[in-house]
Amino acid sequence: MALAVTNAPRFTAAEAMQMAVELYGMRAEAEPLPSERDQNFLLRTESGDRFVLKIANAGERREVLEYQNAAIQRLAERCGDLRFPRMAGPMVSSGGYLVRLFTWVEGTCMARAPRHSEEMLASLGRAVALIDRALAGFSHPAAQRTLHWDIRHADLAREHAHLLPEGRRRIIDAGFAAWEQVDWSALRRGVIHGDANDYNVLIDGDRVVSILDLGDSVETAVVCDLAIAIAYAMLGKPDPVAAARAMVEAYHGEYPLTEAEVDHLWTLAVARLCLSVCYSAHHALTLPENDYLGVTDAPAWTLLERLSEFPEGWPRDVFRRACGFSRGRGAAAIVASRRDHLGASLSLSYRQPLHITHGWRQRLFSTAGRGYLDCVNNVAHVGHSHPRVAEAAATQMRALNTNTRYLHEHLAEYIERLTATLPAPLSVAYLVCSGSEANELALRLARAHTGRDQVIVVDTAYHGNTNALVDLSPYKFNGPGGRGKPAHVHVVPTPDPYRGGFRGPQDVREAAQRAGAVAAFFCESALSCAGQVILPPGYLRDAFDAVREAGGVCVADEVQTGFGRAGSHFWMFETQDAVPDIVTMGKPIGNGHPLGAVVTTREIAQSFANGMEYFNTFGGNPVSCAAGLAVLDVIRDEGLQENARDTGAYLLGRLQELTGRHAILGDVRGRGLFLGIEFVRDRGTREPAAAEASAAVEAMKERGVLLSTDGPLHNVIKIKPPLVFSRSDADLLVRELEEVLA
Ligand code: PMP
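Not measured: the values here are computed from a predicted model. (Residues numbered from 1 in each chain as written. Predicted model: local features only at pLDDT ≥ 70, side-chain atom pairs only at ≥ 80, totals over all residues. Heavy atoms only, no water.)

## Things to note about the pairing of strand 13 (residues 371-374)
- Taken together, the three bridges between strand 12 (residues 363-366) and strand 13 define a ladder with antiparallel strand orientation. From the neighbouring strand, Arg363 faces strand 13, where its bridge partner is Leu373.
- Adjacent in sequence and paired antiparallel, strand 12 and strand 13 are bridged by four residues, among which Gly369 carries a positive phi angle near 90°.
- Taken together, the two bridges between strand 13 and strand 24 (residues 705-706) define a ladder with parallel strand orientation. Note that in strand 24 the partner of Asp374 across the bridge is Leu706. (Pairing = 2+ DSSP bridges. Helix = DSSP H or I, 4+ residues; strand = E, 2+ residues; numbered from the N terminus.)

## Points about the site of the ligand
- Taken together, the residues surrounding the ligand are Ser434, Gly435, Ser436, Asn439, Tyr462, His463, Gly464, Glu524, Asp557, Val559, Gln560 and Lys587.
- At 2.8 Å from a nitrogen atom of the ligand is found a side-chain nitrogen or oxygen belonging to Asp557.
- Here a nitrogen atom of the ligand and a side-chain polar atom of Lys587 are 3.0 Å apart.
- Protein burial of the ligand: of its 390 Å² of free accessible surface, 84% is covered by the chains.
- The dominant element in the shell around the ligand, judged by the number of residues it contributes, is helix 15 (residues 435-450), at three residues.
- Tallied by class, the residues present in the shell around the ligand amount to two nonpolar, seven polar and three charged. (Near = heavy atom within 4 Å. Polar contact = N/O pair within 3.5 Å; in protein donor to acceptor, adjacent residues only side chain to side chain. Areas by Shrake-Rupley, 256 points an atom, 1.4 Å probe, with all protein chains shown as cover. Nonpolar A, V, L, I, M, F, W, Y, C, P; charged D, E, K, R; others polar.)

## What about the state of the cysteines?
- By the definition in use, this model includes zero disulfides.
- The thiol of Cys109 is unpaired, and the distance to the nearest cysteine sulfur, on Cys79, comes to 19 Å.
- We note that Cys523 lacks a disulfide partner, and the nearest cysteine sulfur, in Cys554, lies 9.7 Å from it. (Disulfide = S-S within 2.5 Å.)

Right, dumping it as structure tokens:
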């Protein structure tokens, strides 16, 4: 191959003009066009007609060019929807080079289009399909050649992989490893165009009118044509899989793919990119002066690095759905099914609900081929689909899953590890299946310990979905469908430093007096439903003192805030210089596996052990404990608490900068990776800007960033992403938000 490239002709434009006269009797101005192996000139005659003079590589066999001439003629005859060049004279040998003259094809080079719309990409997919269909059944002895750009011969490129640095090598190796698994016998064979890169594609508006240059045409697996087109089309795209999807769907609509072809398509497209960067590495060494050869190298690497972050199986799933090979249903059918068969008390996120099939780290991936930065999912604490958590749970599920009346070391290890994260008095754990179950049990513990009934809660709090917890949740009992505050519940004002209207622990002291026989004070260590409120310093410490003086116990609801999210501490209550009597946990604890926990003091646990057993069928089962252990391991091994501290501080600083430029941002607050942005219409009156906040959330979704609103006034954008959230994610979030606000 290197030989072929080095044998590329090196004529000047003047020599090309001379050739045109001598070989074809044509007087014309010549202008060089880009090419890898050959040399092409645009000829412009005096009358304004345009032609292409193609001077083939000296190493090119006549038979190969005859084959290309035949292929192009077939396309011109059978592919009426597209334009193809026609031979404007015979093929002639001149000075050891074979020379051809073609008519010029009108159109704009797709590479020069400022943007590739979905329509244009679909048109490209359709054009490749038209070509493949026109070439079906066509054969020529020279098409059987071994071409280094043929994905079937990716092993030729792989020989150069050793030139790549370690990190890149790993990406390439994975691509080639998948390529090795390709079952070529399952793929239709045929002659393909083989080089639908955007420099070869001509457009008219959003419509593809031609795909030029059959120099890489070869007989191989037909689906390689689409794979090559996709590999190029994905370069530089914000959503490469969505771009590919548009092409696959259109191709399939014109010239149906087989199921096996669809299943191999992604592997082949990635292999083509791997092949391309291997040759670039080789050329950088052997032909450093040939710029054309490295033209896709930088974007190919950017793309390959991004693709390597995509979840395994996601692009294939997207393609299968696009071609109707999936058993999965479309969004509309799922919405209909939910409407008919799911209790209606549950709303969907976003005006156009998202159909998500895969998650990976801090990103979610949709059936439309789009990736989203997930800034709100605090359940996928250590990252969506973390392999260590998935593996731990799956391995245990294959071995055993039972209730906790048998001995199992996972349970013992888990409760030791969990209680070790807490201050000494908090040493006894109960394992349950949700945050609600945890708070429900906490209430029973408090009542059993105090023999009392009354409970103090913070206004706009939410503690869970059971009967008893709806009663403890002003967010629910004062909200739509709520039945108001029950007699045993006492509500203190939200200690919201931005909106004020509270007096701090004094409110709790007075509520305790009002309550008389107070059993418990429930409070989140930072307030979620209240609108991502960071408590005033020492609020919990002093409120806990007041409650204890009144004989009650203090419950810290860490369902949203625990497990390192605070950054500076593992538990958010620690930032308040407070030690609760009971801590409740949920959401992040199992990274999505339904797990919850209550940890309390020995004394309280003793009071609860009054003869009535607490049995929880699923709570603390070996699978849950395996997941919980893996979460603790990952938080430690990946330094996620430290990342919450550093990235959280960075993001808070960047968001606070925005407040200087955008008056609608009334307040930006946060601790670690628990942040809130409060939207107001007027900074003086603090009139809430709920519609604006939710419009911003919708606009951010369109830009690929997932957020949501919260707070009693629905005007706070909450940010509580998986703890693997990075600085560059923070930059992306701020950049997009700034544009949306502008
Ligand atoms: N406490 C708080 C603070 C919560 O946010 C939630 C859930 N949103 C719960 C308890 C209840 O947890 P679950 O939904 O797992 O029952």
